[in-house]
Amino acid sequence: MALRQIRVQGDTILEKECRKVDEVTPKIRDLIEDMIETMYDANGVGLAAPQVGIRKRIVVIDTSADGEGLYVLINQEILETSGSQTGEEGCLSVPGMSGVVTRPDYVKVKAYDENMEEFILEGTELLARAICHET
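Since the model is a prediction, treat every value here as computed from it, not as a measurement. (Residues numbered from 1 in each chain as written. Predicted model: local features only at pLDDT ≥ 70, side-chain atom pairs only at ≥ 80, totals over all residues. Heavy atoms only, no water.)

Participant: Give a detailed account of the pattern of salt bridges, specifying residues and quantitative values.
Facilitator: Counted under the stated rule, the structure contains five salt bridges. One salt bridge connects Asp 34 with Arg 4, and the closest N-O pair in it is separated by 2.9 Å. Linking Asp 34 in helix α1 (residues 26-41) with Arg 4 in the segment before α1, this pair joins segments that are 30 residues apart in sequence. Residue Arg 7 is joined to Asp 11 by a salt bridge in which the shortest nitrogen-to-oxygen separation is 3.0 Å. Residue Arg 7 is classed as partly exposed on the basis of its relative accessible area of 25%. On the basis of relative accessibility, which here comes to 23%, the residue Asp 11 falls in the partly exposed class. Via salt bridges that share partners, Glu 89, Arg 103 and Arg 129 belong to a single interconnected network. (Salt bridge = Lys/Arg side-chain N within 4 Å of Asp/Glu carboxyl O. Helix = DSSP H or I, 4+ residues; strand = E, 2+ residues; numbered from the N terminus. Buried < 20%, exposed > 50% of the residue type's maximum accessible area, 1.4 Å probe, protein only.)

Participant: Describe the sheet that holds strand β7 (residues 118-124), naming the residues involved and giving the relevant values.
Facilitator: One open sheet accounts for five strands, arranged β1-β2-β3-β6-β7; its pairing is antiparallel. Here the strands that pair on one side only, and so sit at the sheet edges, are β1 (46-48) and β7. Taking each pair of neighbouring strands and ignoring which way they run, the sheet shows an average axis angle of 40 degrees. Relative to the sheet, α1 contacts β1, β2 (58-62) and β3 (70-82), its axis offset from that of β2 by approximately 40 degrees. Here helix α2 (residues 125-134) sits on the sheet and contacts β1, β2, β3, β6 (106-112) and β7; the angle it forms with β7, its principal contact strand, is near 120 degrees. (Pairing = 2+ DSSP bridges. Axes fitted to C-alpha atoms, helices over the stretch in contact; angles between N-to-C directions. Contact = heavy atoms within 4.5 Å.)

Participant: Kindly report on the pairing of β2, identifying the contributing residues and their values.
Facilitator: Taken across its five residues, β2 has five buried, putting it largely inside the fold. The side-chain alternation of β2 yields two buried faces, one formed by Ile 58, Val 60 and Asp 62 and the other by Val 59 and Ile 61. The pairing of β1 with β2 spans three bridges and is classified as antiparallel. Its bridge partner being in β2, Gly 46 is matched across the sheet by Ile 61. Looking at chain direction, β2 and β3 are connected through five bridges and run antiparallel. Counted as the bridge partner of Val 59 is Leu 73 from β3.

Listed below in structure tokens is the structure:
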């Protein structure tokens, strides 16, 4: 595992469309592990592959206080949202800045895990916010 450089606002890779992941290769596994380590090192709750320079549809999220709520979402697709919440939100790619953002209070997302097994994740509050932000 290795820390990756987090790309910051202004880097054009953050504006480009990401490619679907067809299979989890050893290189993709290494990327996921690096993303997890990079997210935790930066004290973030989520990180998307473009933020470390890779145009793939992969995000890692952990909104738990103890590091026990880690999710890896590959080829994620939001299926449903409802409600709303408004609060302060930051982004690892915009260091030192935050703003008030309104997001859904409930989100249902379909994704694949690191073994390419499909799953459904439902989240409220901070988890819903993180899913929307990273997706």
